[in-house]
Amino acid sequence: MIGLEWYLGVSALLFVIGVLGVLTRKNAIVVFMCVELMLSAVNISLVAFSSYMGDVHGMILVFFVLCVAAAEACVGLAIVIAIYRNNITADISKINLLRW
Amino acid sequence: MAEYVWLIIAIPLAGFLINGLMGLSSESYRRQKSVIGWLATVAVFVPFLISLQIFLSMNAGSEATVVRLFTWIEAGDFTSEIAYRVDQLSILMALVVTGVGALIHLYSMGYMKNDEGYWKFFTYLNLFIFAMLNLVMANNLLLLFLGWEGVGVCSYLLIGFWYGDIKKSAAANKAFIYNRVGDFAFLIAMFLVFRTVGSLDFDVIFSNLDLFQGDLAFWVAVLMFIGATGKSAQIPLFVWLPDAMAGPTPVSALIHAATMVTSGIYLITRFSGLYMTSPEAMLLVAVIGGLTAIVAATIALTQHDIKKVLAYSTVSQLGFMFLALGSGGFVAAMFHVVTHAFFKACLFLGSGSVIHAMHHVEHELEHEGKDVHFDPQDMRNMGGLKEYMPSTYKTFLISTFAIAGIPFLSGFFSKDEILAYLFNAGLGEFGAIYFALWGLAVVTAFLTAFYMFRLTLTTFHGTFKLPTKFKGAENAAKYLHESPASMTIPLWVLAILAIFGGFMGVPEFFVSTFTGSESNVNWLYNWLSGVTTRAAIILPLGVKWILVAFAILVAVAATIIAYKKYDNDKGEETDAAIKQRFGGLYTTWEDKYKFDEAYEASIIRPGFKLSDRVLAVFDIKVVDGFVNAIGSIVQFFGSLLRFVQTGVIHTYAIAFVLGVILIIGLLIF
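Residues numbered from 1 in each chain as written. Chains lettered and ligands numbered in written order. Predicted model: local features only at pLDDT ≥ 70, side-chain atom pairs only at ≥ 80, totals over all residues.

Caption draft 1: Quick peek at the overall build of chain B. In terms of regular secondary structure, chain B is built from 28 helices and 2 strands. With the principal axes as the frame, chain B shows a C-alpha extent of 115 × 70 × 50 Å. When the 669 residues of chain B are sorted by exposure, 49% land in the buried category. Considering only contacts in chain B between residues 6 or more positions apart, those separated by 24 or more positions represent 80%. (Helix = DSSP H or I, 4+ residues; strand = E, 2+ residues; numbered from the N terminus. Buried ≥ 20, exposed ≤ 12 C-beta atoms within 10 Å, placed from the backbone. Contact = placed C-beta atoms within 7 Å.)

Caption draft 2: Structural view of the nonpolar core. Residue and element names in this part refer to chain B. Ranked by size, the top nonpolar core spans 213 residues in total, and within it Met224, Ala345, Leu422, Ala441 and Leu494 carry the most contacts. Considering every element that reaches this core, the biggest residue donor is helix α16 (residues 330–367), with 21 residues. Not counting the four nearest positions on each side in its chain, Leu422 is found in contact with Leu323, Ser327, Tyr434, Leu437, Trp438 and Ala441. (Core = buried A, V, L, I, M, F, W, Y, C linked by C-beta atoms within 7 Å.)

Caption draft 3: Seen up close, the interface of chain A and chain B. Listed as interface residues are 10 residues of chain A and, on the opposing side, 11 residues of chain B. Of the residues assigned to the side of chain A that touches chain B, the class counts are 7 nonpolar, 2 polar and 1 charged. (Nonpolar A, V, L, I, M, F, W, Y, C, P; charged D, E, K, R; others polar.)

Caption draft 4: Focus on unusual backbone geometry. Residues and elements named next belong to chain B. Pro236 follows Ile235 through a cis peptide bond whose omega is 5°. Considering the arrangement of structural elements, one finds Pro236 in the loop between α9 (214–231) and α10 (240–243). Even without glycine at this site, Ala233 takes up a positive phi of about 55°. A positive phi angle, close to 60°, is found at Asp569, a residue other than glycine. Structurally, the position occupied by Asp569 is in the loop between α24 (541–566) and α25 (571–582). Classification of Asp569 by C-beta neighbours within 10 Å gives partly exposed; the count is 15.

Caption draft 5: Structural detail: the packing of α9(B) against helix α12 (residues 263–270) of chain B. All names here are of chain B. The contact between α9 and α12 brings their axes to 8 Å, and the two run at 160°. Judged by the inter-axis angle, α9 sits roughly antiparallel to α12. Contact residues: Met224, Phe225, Ala228, Thr229 and Lys231 in α9; Ser263, Gly264, Leu267 and Ile268 in α12. Here the contact of α9 with α12 is composed, by residue class, of 5 nonpolar, 3 polar and 1 charged. (Axes fitted to C-alpha atoms, helices over the stretch in contact; angles between N-to-C directions. Parallel < 35°, antiparallel > 145°, perpendicular 65-115°, else oblique.)

Dropping the structure here:
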């Protein structure tokens, strides 16, 4: 039997990879994928806790998270496409109109 | 029957809403002039029939019926209901308002026929009737005040009906603002009443009248009276009424002669019990009334504008009514309100008919290609109209006889009653002043007959003067014509009322002297005796007859003198002769006693100066300075902090992550 800490370890690792990706990558789509990675990490920890505590609520919550994530991916990609059409770039460090 | 009273109020409101909303939303509805006009007229005529039914179901001894519809305002111990009071006084006023109102609606259908704002005009008129009925039928002071303000708004809207003309909209403003001064005093009177009896309901107030004693009674009475001077155009607030003639003539007839301006008299009559407890307040009412009567009558003598003469005449007659109130003749005042509504509405509508005709002449001349511009209201351009406008002439003449006090027409009885009360008051407290006021009233009565015949004779007798006065108007006479039936029918109805209206209040002694017994002929007195108090008449019979004879003498003398001086186109030379005779005095009259100039110099200009030199400076330097200082401080800090916003998403993300780490760190350690 694999212990809870292993699941949480994987979750933490995935989350940190996601955070670093968001912080360092410039391509909007990659940043976006990293955000999804962070969401998956949270989902893993939710499922792990749910199984550990014998409470199905956690698993149900994961389904909701997946749904929302799917919707969010839809909207997010649409925004990325819109930005790309306007700026001929998906490099987010170059999209900096909203500043002083 | 009385429970149907809500219909009297609701039907004009419905007329207002239908015409107003349909007219606002639909261009094509606005062109349905006969639909609009008839709807509005019926919306006043049906309430008249209902009032008549209620009136017929009552008798002089009927108890007041209060119809409570719903609670309007509830706050703490204060409640105010939408409740209407049906008693002898309110139903009498309702009959006058709806009766004269319906006739004037009918007249307006002819008079306003070619006006673009036809739908708006009738909407406002219905709203006015609604507000006026609220005023006279209300069972509490607050609802009365709603009507009071409502008629003020309608008066404003209708005076400024042709608002494209800056002078007319200024006149509307003037009327509204002068009324506001009076309303303020009226409000304070209401506060005092509420503080004293804890309610504004008429039932509660009237059953607690003994709580008003001494100074309190005096101040409540005086403050209410100040309110009345605003609405009923008395010194010092009367100056708005002559200017209010800028409105269409039916409006002048309905609002500024027959109904709205009498609401002050109604108010004081309603509170007659309160006024009787304060002789000083009564004296003040009488003095103001007397001064107003003579001042307005002398100004009327010098005016050339046909409507202005009638306007000053209205002010003067209102002064008469206040004289009656001040000397304890509350019934006499109401009597004069009713008869005045008949003959003055008829006079105004007659003048409207004349103006209508003169406008038509101007229009036709222009059509002919002749560029003739004249004032269609200036009676010096008229003359000889009786041949062209027989109905208008006859009705105008009848009403002139009535207002002059020629025996057995309505004005004779009501004016006589007022003079009798004044003389009677002369035998009581402050006798000398009341005798002086009686003298003033007699002089005013003389002047009234004189200037009214001056007006009638200059307008209708002699020869038509327009052709001789203006080049290009030589054949103007052929365009003169009588007004349509929708205008002459109301004239005739009102003229007939002006003839016979007086018989509702034939003085008791007229009959009892001859029959030797009590006869109960004074219907109006019996009718109102339950709802008003009045001073006791202590004049001996002989004196009463002498007063009547004297009043007849004065009226007839004035009529004959005016006839000699003004018939056959002698108008302008007579005016000049009078001017010569009275010199400086005449100039004062002509200048309207410089009331407007005095207000301009004492209130308006200092007010402007104060605003300009002190208040504006304070506003710009201090208030604006403070507000701007706050703005600049925020702007300064903003200019420093704005560099935090880099626009690069990574900066925000790092800040976010660091923040999360910080919070987790704080939570753990």
